[in-house]
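As a plain string of letters, each chain reads:
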Amino acid sequence: MKIYEKAPAKINLMLDVLHKRPDGYHEVEMIMTMVDLADRLTITELSRDTIQISSQAGYIPLDEKNLAFQAAQKIKAKYNIKHGVHIHIDKQIPVAAGLAGGSSDAAAALRGLNRLWNLQIPHNDMMELGASIGSDVPFCITGGTALATGRGELLTPLTSPPDCWVVLAKPPINVSTADVYGRFRADKIAKHPSAIEMQKALEHKSFDEICHQLGNVLEDVTLTHYPQVQQLKQAMIQLGADGVLMSGSGPTVFGLISKESKVARVYNGLRGFCKEVYAVRILT
Ligand code: ATP
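Residues numbered from 1 in each chain as written. Predicted model: local features only at pLDDT ≥ 70, side-chain atom pairs only at ≥ 80, totals over all residues. Heavy atoms only, no water.

Before we go on, may I ask you to explain the sheet that holds strand E9 (residues 243-246) in this structure?
Across a sheet, paired strands are connected by hydrogen bonds in the backbone, their directions being either parallel or antiparallel. Taken in spatial order, the four strands line up as E9-E10-E7-E11 in an open sheet, and their pairing is antiparallel. Every other strand in the sheet has two partners, leaving E9 and strand E11 (276-281) as the edge strands with one partner each. Taken pair by pair, the neighbouring strands of this sheet meet at an average axis angle of 20°, ignoring direction. As defined by bridge partners, E9 adjoins strand E10 (residues 253-257) across four bridges and the pair is classed as antiparallel. Within E10, the position partnered with glycine 243 by the bridge is leucine 256. Contacts between helix H9 (residues 227-238) and the sheet are confined to strand E7 (165-170), E9 and E10, with E10 contributing the most and set at about 10° to the helix. Along the sheet, helix H10 (residues 260-271) contacts E7, E10 and E11; its crossing angle with E7, the most-contacted strand, is approximately 5°. (Pairing = 2+ DSSP bridges. Helix = DSSP H or I, 4+ residues; strand = E, 2+ residues; numbered from the N terminus. Axes fitted to C-alpha atoms, helices over the stretch in contact; angles between N-to-C directions. Contact = heavy atoms within 4.5 Å.)

As structure tokens, this is what we get:
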């Protein structure tokens, strides 16, 4: 039996870091939504008790460092499953990009294995399993649009943005999330984005207000250390994107665009800056 699962990328419409907690995690406030740029997982049961990961992408780990591997390991241990599984990841989401590709693969693996083995895992248990793999995994399990608090694992569902285009561009640099959080200084932040104002904009389905409320405090760190990201933002604004922001810890920059007629200009203009450019839609 084969199970297919899509693992979409997320973008942050806002990201605020409140403080560092005694357990080492940062307390965050983020509003996230999914876009239709997705990895595709093919999950096949094996009679031998083993976990195998394969991918056409040569640059992701295929062992226990892969978050989909960890998802399989955790489900097998918790539900005492003696069968094995092969997970093929058709990688489409850029890696170490601020788009939660690994977390989304883990979430898709949890969903897929729940179906494969007919486990009927209660929602709360799925979320707990997800959180034990990574802070973004619970959101990737539920999808949609949500406010994430705590270290990112406490979710409140929100109204999705109105249908619009998203152009994503990843400069050819890899940014480590841990490194960006390590350099972040809360006392250096001049302006914090507002989760409340972004929620209102979403409730009103006001595209212009959503663009106005976009904000990410991690830009201060990443843009300072990687001027290419700042240049990319600037280029996207000049090419006419309606709202522009770095996603997560970067380096991917996204532009929200309401009119289809503008998308080609932004997309083609950015291809001069970097190879990895995508024009997709919000998953509403
Ligand atoms: P986030 O936005 O959650 O910080 P990200 O988009 O910045 O995530 P990922 O693409 O998830 O980053 O990859 C971060 C690291 O995780 C990579 O360097 C890679 O080695 C490792 N990794 C583990 N599993 C996967 C996977 N299934 N796909 C991609 N990377 C993975």
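Following the structure, the description resumes.
Help me out: how do you make sense of the site of the ligand in this one?
The ligand sits among 20 residues. The nearest are Lys91, Ala96, Gly102, Asp105 and Thr177. With respect to the ligand, the backbone of glycine 98 contributes an N or O atom lying 3.0 Å from an oxygen atom. A distance of 2.8 Å separates an oxygen atom of the ligand from a polar backbone atom of glycine 102. Bound to the protein, the ligand loses 78% of the 620 Å² it would expose on its own. When residues of the shell around the ligand are assigned to their parent elements, the largest contribution, four residues, is made by helix H2 (residues 101-116). Of the residues assigned to the shell around the ligand, the class counts are nine nonpolar, six polar and five charged. (Near = heavy atom within 4 Å. Polar contact = N/O pair within 3.5 Å; in protein donor to acceptor, adjacent residues only side chain to side chain. Areas by Shrake-Rupley, 256 points an atom, 1.4 Å probe, with all protein chains shown as cover. Nonpolar A, V, L, I, M, F, W, Y, C, P; charged D, E, K, R; others polar.)

Whenever I open this one, the environment of glutamine 92 confuses me. Can you help?
Mapped onto the elements of the fold, glutamine 92 is located in the loop between strand E4 (84-90) and H2. Each C-alpha atom of the pair glutamine 92 and valine 266 lies 21 Å from the other, and the pair is 174 residues apart in sequence. For glutamine 92, the residues in contact, after removing those within four places along its chain, are Leu37, Ala38, Asp39, Gln56 and Tyr278. At 2.8 Å, the side chain of glutamine 92 and the side chain of aspartate 90 are in polar contact.

What exactly am I supposed to notice about the state of the cysteines here?
Two cysteines whose sulfur atoms are joined by a covalent bond form what is called a disulfide. Throughout the structure, instances matching the rule amount to zero disulfides. In this model cysteine 211 remains outside any disulfide bridge; the closest cysteine sulfur is found in cysteine 164, 7.2 Å from its own. (Disulfide = S-S within 2.5 Å.)

Can you walk me through the nonpolar core in this structure?
Taken as a class, soluble globular proteins show a tendency for nonpolar side chains to be buried jointly. Counting residues in each nonpolar core, the largest one holds 71 residues, and the members touching the most others are Val85, Ile87, Leu110 and Leu270. Each of domain 1 (2-158) and domain 2 (165-281) contributes no fewer than three residues to this core. Filtering out sequence-adjacent residues up to four positions away, isoleucine 87 remains in contact with Leu41, Thr42, Ile43, Gln52, Ile53, Ser54, Ala68, Ala72 and Ala109. With 29 residues, the next largest nonpolar core counts Leu37, Leu99, Leu245 and Val280 among its residues. (Core = buried A, V, L, I, M, F, W, Y, C linked by side-chain atoms within 4.5 Å. Buried < 20%, exposed > 50% of the residue type's maximum accessible area, 1.4 Å probe, protein only. Domains from an automatic or database assignment.)

Looking at this structure, I do not really get the UniProt feature "active site" (unreviewed entry) in the chain. What am I missing?
UniProt records the feature "active site" (unreviewed entry) for Lys10 and Asp136 in the present numbering. Sequence-wise these annotated residues cover 127 residues; spatially they are packed, their C-alpha atoms never more than 9.4 Å apart. Structurally, aspartate 136 is set in the loop between helix H3 (123-133) and helix H4 (137-142). Contact partners of aspartate 136, with chain neighbours within four places excluded, come to Lys10, Met30, Met32, Ala100 and Ser103. (UniProt positions renumbered as here; feature names shortened; annotations may be inferred.)

Quick question: what am I supposed to make of the UniProt feature "domain: GHMP kinase C-terminal" (unreviewed entry) in the chain here?
Annotation from UniProt places "domain: GHMP kinase C-terminal" (unreviewed entry) at residues 198-274. The straight-line gap between the two end C-alpha atoms of residues 198-274 is 30 Å; of that span, 57% is helix and 14% is strand.

Would you explain the domain arrangement of the chain in this entry?
Bring the parts together and some accessible area is lost; that lost area is often taken as the interface size. Domain boundaries in the chain define domain 1 (2-158) and domain 2 (165-281). The C-alpha centroid of domain 2 is placed 23 Å from the C-alpha centroid of domain 1. Of the residues lining the interface, 26 residues belong to domain 1; the matching set on domain 2 comes to 34 residues. Between domain 1 and domain 2, the buried area comes to about 2,300 Å², and carbon and sulfur atoms account for 67% of it. Sorting the residues of domain 1 by area buried against domain 2 places Leu13, Leu15 and Val17 first, and these three jointly supply 23% of that buried surface. (Buried area = accessible area lost by both parts, 1.4 Å probe.)

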